[in-house]
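# Architecture and fold: a report
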Amino acid sequence: MSLHEDRRGRVPFALVGVLLLVGASVYATGLADRAEPSIEQPATAAMDDVERDTRPALRAAVRDAARESAREPVTEPADTPAGQALNTTSPFVDALRLRIAAGARQALSEVSREQDGVRATASLPLVNGSTASLRRAKHGIQVRPVDDGASMLVTVRNVTVRARADGRVLSQRRLNVTLTVDAPVLALHQRTEQYESRLNRGALAGPGLSRGLTGRLTALTMARGYGRYAGAPIQNVLGNRHVELSTNAALLAQQRAAFGRADPDGARAVDVATVRVGVLDVLGGRHDGAAGWTKTVLDPSAVGDRTEADGFDPQPPDRPPITAAPDAVADEAYLDATEGPGTAGSYRVRSHLRATVVSRSSGTRPAPRLENWTLLTERIDQRTTVKVIEQDSNRAESAAVDARRKVIVRHTVERTWYRNGSFQTTTTEWTETARVAVRVNVAYDPDDTAPDRPTEPLFERGGALDGPNLASARERAATELLDANGGVDGVAVAAAERRDGALTRERTSVAARPDGLDAWVLADLRELRASVANVSVTVPSREVAAGEANAPALLAAAVRERRAALVDAPATYDGAADRARVAARAAYVDRVIAALESRAADTRDRNGDYRTELSGGATGQLSRLIELGRETAGADDPYQRDRESGEELVVTPDGSPAYLTLSSVGHQRVPTVAPGESVHPLTARTTNWVAMPYGDAADGVADALLGGGKRRVSLETAAATLIAANRTAATAGTANGSAAELAANRAELTAAVRRSVRNAEREVCAAVTDGTGNDRRTCRDAVVDVRSEWPTLGHRAQAMGNGSYAAAFGDALAARGVGAAAADEATVRVRVRLRELDAKRETGVPAAMTNQTASAVQQVARKVVKKQSKAVIRNESERAMRRLTGASRLPAGVPVAPPPYPWIASVNAWSVTVRGEYQRFVVRARGPAPDGGGGVLRYVRDGSSVAFDADGDGQAERLGRNDHVSFEASTTVVAVVPPGPPGIGDVDGNRDERSPGWPCPGDEETDRCTRGEQPE
């Protein structure tokens, strides 16, 4: 094929021409553009450059705003146009947004680029200073923490980039710029707010200062309360010095909870204060003055390196359990038994009589036979005779009486007739015969509380006492039953006269008892009384403290559970006497249970009164608060030490002062305090509910617990006060006015106690001799003998109050020839009578007199302590230490369930309120420096006013202020110790202890915190 003919792959020439024309046109257009350049290209380039420059400018502005917001945070908006732009729920964040807006506006005003005569700039909307304008500026900024608070994500909205040339706008853009800035200011504020929230959170609301304080004070109060009970010279169980130390230790724990670590200076100060308070507790108070104390805990050079104390974390003592026993009820039930142990029911028998007609035979009654005569009268006579029928071999051996009788009834009818004026008399006879079986069965039918068991032997001599044992009871019972119904013949006749031919009768009777039965049973009950008195229950101290303990109810349940073991019934009773013994045991145990249940009902009512008075109606809250105190006292504190620094953001708090003291501080100790001024960093009020002995308690509390408004204290309480007064008087001498006052009050109290003791001694003899057969002279001699057991009046009176007097009196009777059983019974009678006297306050002493003596003891003791304190500090004199114990043995606290109820524990409570304020509180974290490098960001709360130029007019607008980090925490701690003197409570004469500056922490001139002050 030729080239001319081959058309494959050829392009039409017309298409080639079109392509050439189009290409020429495009080339010509390009040459024309180069000849006349466009203005849009440099505008775009300049705007792009400005947009790139806005990010570092905004980043620097945000860093500056964050740094300034941390240095001057706003926590309370001002009532100004600028302050009103802030939301009251988030003033700090809103102020930060305004600072960012102002800083961003200023930073963007300095950003510009120029390209070929085109100038590009960036800006934000103008602000005119009005509230609405500032709110719009605030809304243009969005912030939130990221990277666990280490950084902040910021969005700046409505950034406008404009390009201008020759005075006209060529182009503009509106941007929202979002960037991440490594400024942890939000985290610092949030954690500080969290810290302050924890400081002001109630103990029942959740973890915080109040709850931490509750646990520490509960442990400390329990430890010091048990120490005082054990004999330590403690007059002030819980004082404000303990509250100060516990508050600062709890503050450190809350710092670790909120920030991850505590103020190092504060931790060192708490360590030193822990040691110092321990020394001061030995002395019973501070002896180096407030200035020395403040220097110790606040002067860094005085504190030195941190000790190994690891903070103040008091542990509760290994306290003995609170137990209760039914000894009082056991005594009373035993005395009831001595009036007659009630053995008759165990000797009861039941006799059953049954008479039955076996057979009958009867003649026919003759009919009248005179015809044509008129019957005028008819008189029927009958004569009954009974004949004994000899017994056959079928006689029932088990029957007490099994007799047969033949009852014969002869009937005679005499009739009078009349006819025609004549009278005639006729007589006819017939006979009825009945054979009657008479049987009397006698069975043992005890009516007592003994468990149902077989009894062998019966109705024969023998058994436990080898006595008659119902030997003749069957015959006697059968005879008595038959005699009551006419004898065997009379019963047979009565049965024969009945149509049904049957007669039944029943009767119970008590068989004769052995002469020594009651004494034998009472001897057994004496041993049982001791066993019942040894039953004990453990009462949770939390329930005692909360007024929820009901020892009688627990004891009733315990005795009921052990009833079978206490009754101790054998499988088979050894005769009727043995059953009577067991029945008396069962009745005794049941009497104890009934008495305990009755007292349990009274205790429930008394507990209600107690809770109402002590907690002002907030019963559930008090109970929960006590439970929290017990749970947290001595428990492992997760915030006892700083957390490991594995977090990206490390935050360190720095309080000024680092340790909040109750004493005032000035500029020399705390530089943040203005020169020439002083402040109270911490104020506290500690109120002991029931102080010595009871007169300083609220009337409602004492009346609810002690049963009425009798303003008399028990003999034991008065005796304990007298003992303390005697001990103090022996130490103090007579050289000062306080000692003279003590001597006068002591003499008056001695006379009152002696009168009560003499009255008690008379009542003791009356209880032992009246109706018992005991000789009154022997009793009086025993009273004199017992006095030698306790030569001093106070200790003898105390023995009468705590029950130990009764045992000594019984021993004295035995020594004078009184039998063991009589002496033991006399011991029980004395115990019961002394309890009754105490319950009715018949041996009580006026509370006012007792309290006056106690106050005098306190005054003298304080002077003695001052003289001996140096010797105690140097540990040079054990005698000096002992001299401090006189006032510390004064009674205090409330006996729970006082007589006649068993005294199971002494309880007391302290209400504590603390108010504190840091003059300056700084939180530090790694943050950007002004030059953009690494540095430290400091969040500062110092109570200053905050203002800055929010609208760019050159004048600062006041936004508000930042409040001091302050707090108020309240709690109640309740402590319980076993029964007996000296109880638990403060006996230093200062039941309501208020620190200097109360109720307002901070500036001494301020009165801003009077709200919430406890009433007088």
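Here, the structure is the one placed above.
Being a predicted model, the structure only gives us computed values, none of them experimental.

Right, let's talk about the overall build of the chain for a bit. Each helix and strand in the chain was counted, giving 30 helices and 30 strands. Counting the 1016 residues in the chain, one finds 50% classified as buried. Across the chain, contacts joining residues at least 24 apart in sequence account for 76% of those joining residues at least 6 apart. With the model as given, the accessible surface of the chain reaches about 46,400 Å², and the carbon-plus-sulfur share is 47%.

The next subject is the state of the cysteines. By the definition in use, this model includes 1 disulfide. There is a disulfide in this structure between cysteine 765 and cysteine 779, and the S-S distance comes to 2.2 Å. Sign of the S-S torsion, about -110 degrees for the bond between cysteine 765 and cysteine 779, identifies this disulfide as left-handed. In this pair, cysteine 765 is assigned in helix α23 (residues 737-769) and cysteine 779 in helix α24 (residues 776-787), connecting sequence segments 14 residues apart. You'll find cysteine 765 and cysteine 779 in the same group, each marked buried.

Glancing now at the sheet that holds strand β17 (residues 665-666). Spatial strand order, β17-β18-β30: 3 strands in an open sheet with antiparallel pairing. A strand with exactly one partner marks an edge of an open sheet, and here the two such strands are β17 and β30 (1002-1003).

Below, the discussion takes up the environment of proline 125. By the secondary structure assignment, proline 125 is in the loop between β3 (118-123) and α5 (131-139). Exposure remark for proline 125: the relative accessible area of 48% places this residue in the partly exposed category. Sequence separation between proline 125 and alanine 101 is 24 residues, and the spatial gap between their C-alpha atoms is 9.7 Å. Beyond its immediate stretch of four places on either side in the chain, proline 125 contacts Arg105 and Asn158.

As a further point, take the packing of helix α12 (residues 327-338) against helix α15 (residues 517-533). Orientation of α12 relative to α15, taken along the N-to-C sense of each, is 165 degrees, at an axis distance of 9 Å. Classified by the interaxial angle, the pair formed by α12 and α15 is roughly antiparallel. Classified by chirality, the crossing of α15 by α12 is right-handed. Touching Asp327, Ala330, Asp331, Tyr334, Ala337 and Thr338 of α12 are Leu522, Leu525, Arg526, Arg529, Val532 and Ala533, all from α15.

Rules and cut-offs
- Residues numbered from 1 in each chain as written.
- Predicted model: local features only at pLDDT ≥ 70, side-chain atom pairs only at ≥ 80, totals over all residues.
- Heavy atoms only, no water.
- Helix = DSSP H or I, 4+ residues; strand = E, 2+ residues; numbered from the N terminus.
- Buried < 20%, exposed > 50% of the residue type's maximum accessible area, 1.4 Å probe, protein only.
- Contact = heavy atoms within 4.5 Å.
- Areas by Shrake-Rupley, 256 points an atom, 1.4 Å probe, with all protein chains shown as cover.
- Disulfide = S-S within 2.5 Å.
- Pairing = 2+ DSSP bridges.
- Axes fitted to C-alpha atoms, helices over the stretch in contact; angles between N-to-C directions.
- Parallel < 35°, antiparallel > 145°, perpendicular 65-115°, else oblique.
- Left-handed = near helix turned anticlockwise from the far one by under 90°.

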